[in-house]
Amino acid sequence: MTLSTKLSSLFIILLLIFQVTSKSSAGHPDPVEGQQIFQSECSLCHAVGSEVLGPDLAAVTERRDEDWLISFIRNSQAMIREGDEQAVEIFEEYNRMVMPAVDFSDDEIRSVLAYIEEETEAMREIVAEETAENGSKAAPAEADQDVFGVSYDTVTVLLSILLALLIVLLLVLIRVHVSVRRMLWDKMHPGEPRPENWITVQNREFIAPLIGFFRLLNPTFAVLGGVLVVTIVVIVILYDTAPYVGSMEGYTPEQPIPFDHQLHAGTHEIDCQYCHTGVEFGKNANMPSLNICMNCHSGIRGNDSPDIQKVVDAYQNDEPIEWIRRHSLADHVYFSHAQHVVAGNIECQTCHGPVEETPRLGQVQNMTMGWCIDCHRETEVDLSNNYYHESFDFHKDHESLTVSQIGGIECSKCHY
Amino acid sequence: MSKADNNTSGKQYWKGIEEYEKHPSFEKLKSKEFAEELPKKYNKLTHKEYEKDLPVEKVFDEKTFDLSSDRRSFLKYFGLSVSAATLAACTETPVRKAIPYVIQPEQIRLGIANYYASTLADGGEGYSILVKTREGRPIKIEGNNESPYGRGGTCASGQASVLNLYDKGRLRGPLIDGGSVSWSDLDSEVKSTLNEIQERGGKIRILSNTINSPSTLQVVEQFKSRYEGADVQHIAYDPVSVYAIREANRRSFDREVLPSYNLEDAKMIVGFAADFLGTWISPVDFTKQYMKNRKIRGNETDMSYHVQFETNLSITGSNADRRVTLKPSQYGKALTALYNKIAAKAGVNRIDGEQFELAGNTIEVTAGELWKNRGKSLLLCGSNDVNHQILVNGINKMLGNIGKTVDLDNPSYQKAGNDAQVQSLITEAENGEVDALLILGANPVYQHPAGTRLREAMDNIALTLSTADRLDETAQHTRFVAPDHHFLEAWNDFQPKSNVYTLSQPTISPIFNTRNVSESLLRWADDDREYYEVIRKNWEENMFPRQDEKDRFDFFWVKVVHDGFFAVEKSEASDHEFRADINEAARGALAGSNENGLEICLYEKAGLRDGKHANNPWLQELPDPISKVCWDNYACLSPKFAKENNIKEEDVIRIESGDYAVELPVLLQPGQTYGTIGVALGYGREMDEQAAKVANGIGKNVFPFARVQDGTIRMDQSGIEIENTGNHYRLAKTQTHHNLEGRNIDILRETTIQDIKKNPETAGIEKPYPSHTLYKEWEYNGHHWGMGIDLSACTGCGSCVIACQAENNVPVVGKEEVLRRREMHWIRIDRYYSGDPENPEVLTQPMLCQQCDQAPCENVCPVLAITHSSEGLNQQTYNRCVGTRYCANNCPYKVRRFNWFNYVNSDKFDYNMNNQLGRMALNPDVTVRSRGVMEKCTFCVQTIQEKKLNAKKENRGLRDGEIKTACQSACPADAIVFGDMNDENSEVRKMMDEKRAYEVLEIIGVESSIRYLPKVTNKKHEEA
């Protein structure tokens, strides 16, 4: 965190304290009381910063005036019956879901609003902080790749300019050289026309050794040498890249339904295993069958989203959805999800990336054997599992063991 | 014989006649680095005779191998391939779909197998099973440990039954006159014809294999009463029948039943032409019982004694302590002699019969041992001659075994065929008396000696109908075909024994437009109920009242569907009065003993059995447990007989009896009785071309050699003429394929119970060499997987081979490739002979990757495709393997398999893996290997990983016995134990700590993770 962000956050906090104290000194809304009320009465359907069932309440006090809010919160249905335009609009927008009327005093409602204001501010502060952090992070990240304190980009630009200057200099020098030679020729052979090869003849002492060197070289060896150099370069390139041939890193195909992991796993915090039921049991994490989708989507239709309709139709027509497979290991690899998730206690995100933050998920890791092995070399085994106590006698001498130390990089652990 | 050839047991072992006789072709290949044949141009060893047109080698014609080219064309090819590769690389990655269920069934979790209790029923035979399904597809059969029916054991044919479900030869729907119709059309046609027959009081005959399903029998009764007025009769028939036992029991004890045999209590077992560990009645059940007294641990000295009298060398004979060969025509004499010897001891009147004795006074000694073990002995006879069986009953009665080891009060319903009724049906049909013939699942045209007669007679029958799942020999000639479900698609119930009821439930929705045979009968009986309802109702009325554990039928039903069986109290076994006229039986038996020239004795192979599942490529490629030949049947001759008649191995001979003759290649089978020919049933199928892409054209049909005499079908015939045709035919024999490179030292160890008694510490086995290693020893801090294999328990039946194939997606390669030694089985069962080639001792040894600690394969891989795991496994990494085959070369056990072709996608390997339907049987947890990749047993690492994860998920340690490899769980003898050697209390640790446990090739110091327990036999007859 840089000094400026620290200062700004300090300023905001001071401002908040001032605001809060000034308000509470007036004897009216109390955000602490508001928080209690909010959590017991409102949080089932509302949140600040996200939509649950009802609208996002962030900055609601800035959108609507306080009196309207107080009467809406107390009895929204009454306002709707009276035909309040704003109230009717919200009611329609949220699927005519009825917000129950409450029996709170104006002050209590104000306290809730104060709490919402406070939360809104806190949220904004976090956002501001994150932005600042990202900004400050970016700088040192670039600074990492430097040459003697100057960044790579700068070095490249400088070198390019230098190269251009040198080329220009070379051209100028050649031009000067040729002009001087021509003058010299004209002076030494007055009146004679210059033969076509005058420059070669004149330059013999300068170019000859160079030509001589190439003439001395056996052309077969020269060609073979060239081929050898090229071959070596190609082999090195192949060796470096071969493991990644066929790697589907970054593969994010268009799916028949643009399923949003961010919405499901992130916003709604649905557990991965709610849908990927096999992950704890066997090798396959398995694509959820449609009946799992329908557990929720029989009720949730997301404003008649055509994509959800596809799910419903497929279910009703008994036609499975043909998803495009994103992760596909070679047939000669036996990979077990259960081994990693249950025995290894590994988070899904370790291999699949920040699922809950990614709307359209792709293959995040390169999933090459090297990647597997690297992880097996570093990852420690969960020695609390009774299996190791009962079947291995050497765990006692070790505080910790990596997967590779118990044979986790042996061939037959994955290839059989 | 050099010293190194001597085994620790002092025996000389050989794997085939070619090795015994040191045949030059064998000697030549024995020490080859790669004994597999290479494409012919590059293999100087190639025989002329098979340089003929071999389909697979068409890939490698001369042109393809002519790699010389000028500079211009080289550049052209180079440029083309580079640009093609570039273009190919530029294509977009294919878009893959992830399609979830619309409504996910509650019990299905993707990637996790579900197990359903069910019952395997092949005719009447079978056992309780668990069906492993993945995402709604059955992929594997496991035994059901809790059920008294089979007790967790399985057989090869049962393990392979899941592949029959995905057979593309199955019918897609009902047919009338070969044309597809709807079920309603078929039903109305069938019903109108049946009604017409009913009106004129005609004869309706239902012919089926053994049906022991109470509900199906009820439905049959319902059908009969619906067509009252017509003469309706249900006839059951078994291709390989034991009808004589039931008939003999009717005459002897007035009970027409097949008894339950109790091998667990038998200390002295005599098998008389009964392959009860391989194919007879209920081999899985018998193996479980038999092994109780055969596995010897520590200082135990209590072991049963088993003598086997037989013609062909069977699985049972190969496991017997003493085996005697005799011709089928001598059965009567031998049984009479045995009766008289025991009668003498019992003080009972002897019966008329000449003096008869076999080599080594066997009958005398056997009679003595039987008498010593009165009430604890058992004589089992596989002959289908009623007189023989009456003699057997007489002997068991004298020995006091009735009510003890022979239980007539809790009979078995596993074989209910009535040979006499089938015979009279054929006569009726020939006389044109039958109006309707409904054939339920049976295939009498192929599987009956008089099949051809029936087929001809069928033309005159108004209504012929088959419920076969494919156009087999019978269904091709019936007017209607109403295909039945595969048993994994249908509900059914069974009563295999009087005290055990089992259920089978659908584990997949019907793949094709088929219908349960019982449901078909219901429709024709104007009943619209589903068969499921019939079963439920039947169980509610008849089984539910027989228990008091559950008070409501729904609870009871849930429990039996879950368990797969319902067992009731056994009745008390009691002795029964013997009423048959033993003298008359003896006279009959001796009169039938017509020693007349060469005799043929037909037998079933442990995998293919009576040929019902001949279109199953797994079973076709399963090497026969004894001969180790796959993809063929052949004429087994004794080496001595063949030599005397100037017949060599793989000569084609013509076998003729009456008006039937076949040409078959000869196999010199040690242990084959002199003067007899053994030929396997189930081959020579002539099904519809589409129905049997695998089975048609393999081997020859020998059912017509069986004879019907005195109302029973006999699987032998005398007066056989043979003639050498001068042709040759190559047999795919696998036994000599994987030689342990001339290291004949300490592969096998065996001892006798007598040696153990004398010297409990070493039992006469001395550890040959101390073990040293220069390599760093591995440290195993966690698990250290190991396996123990008890050679005493291994019968060699082959169910582990098929189980492994199913579990690990092992491809089928076909006969041509097996001939090139390219079979892919990860576990093989090596069969070794020792002693006299006319009657050798046999030892079977499962051989799979030994997961060596100092593995020779690991050191030689140039690309690190084989690595050692911290749990002691040699990890083969297919996607890293480049196919140098150095590892296979360096493997002392020869258990590594190389993928010469892309078996999954090639038209040349038209078996199960190259079509969508067959691929449904693949195990999704195991990679399907591609061409150019080495593979081998992994100790079912997929199961290890799965169970470890289960333990971690449940926050507990791994339990011993939780991980079961496919071979282990399939084994009906529990010969294989797998587990963590670091766990001191584990079963496998105990097995490894046995004094006699040994490593194969211990001397080379590879420190394998598999310990074998030596084979222990009971040489009572050698005791002074």
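The structure contained in this document is the topic of the report that follows. What you are looking at is a predicted structure, and each value in this text was computed from that prediction instead of being measured.

**What to know about the overall build of chain B**
- For chain B, the count of helices and strands is 31 helices and 42 strands.
- A compact globule built from 1024 residues should have a C-alpha radius of gyration of about 31 Å, and chain B, at 29 Å, falls within 12% of that.
- Overall, the C-alpha framework of chain B stretches about 85 × 75 × 65 Å when taken along its three principal axes.
- Looking at chain B as a whole, 64% of its 1024 residues are labelled buried.
- Intrachain contacts of chain B at a sequence separation of at least 6 include 74% that bridge at least 24 residues.

**Overview of the overall build of chain A**
- Counting its secondary structure elements, chain A contains 19 helices and 3 strands.
- Partitioning the intrachain contacts of chain A with sequence separation of at least 6 by distance along the chain shows that 58% fall at a separation of at least 24.
- Carbon and sulfur atoms make up 61% of the accessible area of chain A, which amounts to about 27,300 Å² in all.

**Let's talk about the pairing of strand S12 (residues 305-310) of chain B**
Residues and elements named next belong to chain B.
- Counting buried residues along S12, 6 of its 6 residues qualify, which places the element largely inside the surrounding structure.
- A two-sided burial pattern is seen for S12, the buried positions comprising Tyr-305, Val-307 and Phe-309 on one face and His-306, Gln-308 and Glu-310 on the other.
- Bridge count between strand S11 (residues 268-272) and S12: 5 bridges; the pairing is parallel. Bridging across to S12, Met-268 finds its partner in Tyr-305.
- Handedness of the crossover joining S11 and S12 through helix H9 (residues 283-291): right-handed.

**Notes on the interface of chain A and chain B**
- At the interface, 50 residues of chain A touch 44 residues of chain B.
- Summing both sides of the interface, chain A and chain B together bury roughly 4,200 Å²; the carbon and sulfur share of this comes to 55%.
- Three residues, A:Phe281, A:Tyr387 and A:Tyr416, lead the burial of chain A against chain B; their summed loss comes to 18% of the area buried on that side.
- Where chain A packs against chain B, one counts 2 salt bridges.
- Note that A:Glu322 and B:Lys97 form a salt bridge whose closest N and O atoms lie 3.0 Å from each other.
- Here chain A and chain B share 18 residue pairs in polar contact (both at pLDDT 80 or more) between them.
- For the side of chain A that touches chain B, the secondary-structure elements that each account for two or more residues are helix H14 (290-297), strand S3 (323-324), helix H16 (337-343) and helix H19 (386-391) of chain A.
- By residue number, the principal contributor to the side of chain A that touches chain B is H19(A), which donates 5 residues.
- Here S3(A) runs beside strand S2 (residues 97-98) of chain B; their pairing, made up of 2 bridges, is antiparallel. Opposite A:Trp323, over in S2(B), you have B:Ala98 as the bridge partner.

Analysis parameters
Residues numbered from 1 in each chain as written. Chains lettered and ligands numbered in written order. Predicted model: local features only at pLDDT ≥ 70, side-chain atom pairs only at ≥ 80, totals over all residues. Heavy atoms only, no water. Helix = DSSP H or I, 4+ residues; strand = E, 2+ residues; numbered from the N terminus. Rg over C-alpha atoms; globule rule 2.2 N^0.38 Å. Buried < 20%, exposed > 50% of the residue type's maximum accessible area, 1.4 Å probe, protein only. Contact = heavy atoms within 4.5 Å. Areas by Shrake-Rupley, 256 points an atom, 1.4 Å probe, with all protein chains shown as cover. Pairing = 2+ DSSP bridges. Right-handed = clockwise from strand over helix to strand, strands pointing away. Buried area = accessible area lost by both parts, 1.4 Å probe. Salt bridge = Lys/Arg side-chain N within 4 Å of Asp/Glu carboxyl O. Polar contact = N/O pair within 3.5 Å; in protein donor to acceptor, adjacent residues only side chain to side chain.

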